[in-house]
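Coordinate analysis (summary)
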Amino acid sequence: MSDNKKLVYFLCTGNSCRSQMADGWLKALGNDRYEVKSAGLEAHGLNPRAVQVMKESGIDISGHTSDVIDPEILNRADYVIMLCGHADEHCPVISNQNVVKWHWGFDDPAKATGTEEEIMDQFRAVRDAIRARIVKFLIEGR
């Protein structure tokens, strides 16, 4: 790990879908510039549909683990990015006064209903929305 890389910590409720996809996208698109971690208020396990839709985009997140927020990582992060309102409201206190904290709200694809194809379409829509937001972050730094 290079000391000049800024640490981005993606957080959501269960660290199973949205934060995992954001983690995968930023590692794929900006790993040369950022150290990337993700976690949840709880660890719900890696969602197989999230793994599948990321694989469709050429990104393998199957080796990721679903982790609970680590206070040490949280307090050394340069950016803490919440991907759901629940995590934003319940995020532990961050003692690092220099942290940039953002809330990027995305619908939870794990709550999608309908046929398997309709559910997968929701996962793909969230995947693509997260990718677009990551690209904006890489271009604009916000």
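Notes on the structure in this doc start here. Values in this document were obtained by computation on a predicted structure and should not be read as measured data.

Now for the pairing of strand E3 (residues 79-82). Burial along E3 is two-sided: Tyr-79 and Ile-81 and Val-80 and Met-82, pointing in opposite directions, are all buried. Bridge count between strand E1 (residues 6-12) and E3: four bridges; the pairing is parallel. Residue pairing for E3: Tyr-9 is matched across the bridge by Val-80. Two elements, E3 and strand E4 (residues 100-103), share four bridges in a ladder whose sense is parallel. Paired with Met-82 across the strands is His-103, a residue of E4.

Core analysis: the largest hydrophobic core is formed by 31 residues, its most contacted members being Phe-10, Met-21, Leu-26 and Ile-134. Listing elements by their share of this core, those giving two or more residues are E1, helix H1 (18-30), strand E2 (34-40), helix H2 (48-56), E3 and helix H5 (116-140). Considering every element that reaches this core, the biggest residue donor is H5, with eight residues. Once residues within four sequence positions are removed from consideration, Phe-10 is found in contact with Ser-19, Ala-22, Asp-23, Leu-26, Val-36, Lys-37, Ser-38, Ala-39, Ile-81, Leu-83, Trp-104 and Ile-134. Grouped together as the second largest cluster of nonpolar side chains are 13 residues, Ile-69, Ile-73, Val-80 and Met-82 included.

Rules used in this analysis
Residues numbered from 1 in each chain as written. Predicted model: local features only at pLDDT ≥ 70, side-chain atom pairs only at ≥ 80, totals over all residues. Heavy atoms only, no water. Buried < 20%, exposed > 50% of the residue type's maximum accessible area, 1.4 Å probe, protein only. Helix = DSSP H or I, 4+ residues; strand = E, 2+ residues; numbered from the N terminus. Pairing = 2+ DSSP bridges. Core = buried A, V, L, I, M, F, W, Y, C linked by side-chain atoms within 4.5 Å. Contact = heavy atoms within 4.5 Å.

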